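Breakdown of the fold
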Amino acid sequence: MGTCSGGSTTNTCKQSEVDAYGNCIIGKCDSQYTAAFGAGYKTGKLDGGSCGSYLGCATACKCGDNACLVKCPMPSSECQSALGAVTNCVTSAACAKPACLSPVTPDAGTTPTGGGCAGLNSCCASMPAGAMRMGCEMQAAAVKAGGDTACNSVLMIYKASGICR
């Protein structure tokens, strides 16, 4: 995939813990992921679903190649709705999150801060390889045309759930 990478793996999760959590999310949210990314999403094939035309273009762009991204069609309203459904499903899946992914409790009255698309890409890169990381990378690719504001909305969900710090 043409996503940016950066950051380093800083969590203490065992691969089996992350896989179990990721497989639970995929099991509960498969229909939402399929609607957004197509039936081949589990293998990294992102040419279907509501976001297929956008992702086919966006994932072909190199990291930071804004000229390439500008040529891609904006995600359709159907794609944006499908991404919202994926996000809602992931946050409400009630999968047993490994203790190593426990959230950092923010100060009272604060919300996790963003970090733009670079922060989201670092978040994804910090995850061990597997279904969860691939899902994060797909979401990052899907929202990057919306810029830092769109990336922050996805990043805040990962931060609030404790997946990324």
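Scroll up a little and you will see the structure.
Everything in this summary refers to the structure shown in the same document.

Parameters and conventions
- Residues numbered from 1 in each chain as written.
- Predicted model: local features only at pLDDT ≥ 70, side-chain atom pairs only at ≥ 80, totals over all residues.
- Heavy atoms only, no water.
- Helix = DSSP H or I, 4+ residues; strand = E, 2+ residues; numbered from the N terminus.
- Buried < 20%, exposed > 50% of the residue type's maximum accessible area, 1.4 Å probe, protein only.
- Polar contact = N/O pair within 3.5 Å; in protein donor to acceptor, adjacent residues only side chain to side chain.
- Expected span 1.5 Å × (residues − 1).
- Arc of directions from axis to C-beta.
- Contact = heavy atoms within 4.5 Å.
- 1 Å grid on protein atoms, 1.4 Å probe; cavity = no way out; pocket = protein on both sides within 12 Å on 5 of 7 lines; lining within 4 Å.
- Points joined across faces, edges and corners; volume = space filled by probe spheres on them.
- Nonpolar A, V, L, I, M, F, W, Y, C, P; charged D, E, K, R; others polar.
- Core = buried A, V, L, I, M, F, W, Y, C linked by side-chain atoms within 4.5 Å.

Describing the side chain of serine 126
Position of serine 126 among the secondary structure elements: in helix α5 (residues 116-126). Exposure remark for serine 126: the relative accessible area of 13% places this residue in the buried category. In this structure the side chain of serine 126 is engaged in a polar contact, spanning 2.7 Å, whose partner is the backbone oxygen of cysteine 123.

Describing helix α4 (residues 77-92)
Counted at 1.5 Å a residue, the expected span for α4 with its 16 residues is 22 Å, and the 22 Å between its end C-alpha atoms agrees. Every buried residue of α4 is accounted for by Cys79, Ala82, Leu83, Val86, Thr87, Cys89 and Val90. The buried residues of α4 occupy an angular sector of 165° when projected down its axis, which confines them to one face. Facing away from the buried side of α4, by more than 90 degrees, are the exposed residues Glu78, Ser81, Asn88 and Ser92. The positive-phi residue at the C-terminal boundary of α4 is alanine 94, with phi of around 55°.

Considering the environment of cysteine 164
Positionally, cysteine 164 belongs in the segment after α7 (147-160). The sequence separation of cysteine 164 and glycine 119 amounts to 45 residues, and the corresponding C-alpha distance is 9.6 Å. If we ignore the near neighbours within four places in the chain, the residues touching cysteine 164 are Cys123, Ser126, Met127, Tyr158 and Lys159.

A word on the layout of surface pockets
Within this model, the second largest pocket holds a volume of roughly 220 Å³. As for the second largest pocket, its lining consists of 14 residues, and the residues nearest its centre are Gln80, Leu83, Val143, Ala150 and Ser153. Secondary-structure elements contributing two or more residues to the lining of the second largest pocket are α4, α6 (131-143) and α7. With four residues, the top contributor of residues to the lining of the second largest pocket is α4. Grouping the amino acids of the lining of the second largest pocket by side-chain chemistry returns eight nonpolar, six polar and no charged.

Here's the deal with the nonpolar core
Core analysis: the largest hydrophobic core is formed by 43 residues, its most contacted members being Ile25, Tyr33, Phe37, Leu55, Leu120, Met127 and Tyr158. For this core, the secondary structure elements donating two or more residues are α1 (15-37), α2 (52-58), α4, α5, α6 and α7. Examining the composition of this core, we find that eight residues originate from one element, α6, more than from any other. Apart from the residues within four sequence positions on either side, phenylalanine 37 is in contact with Lys45, Leu46, Asp47, Gly48, Gly49, Leu55, Leu83, Val86, Met138, Gln139 and Ala142.

Quick look at α5
Among the 11 residues in α5, nine count as buried, and that is most of the element. Where α5 is concerned, the buried positions are Gly116, Cys117, Gly119, Leu120, Asn121, Cys123, Cys124, Ala125 and Ser126.

This is a description of form; function is not addressed.
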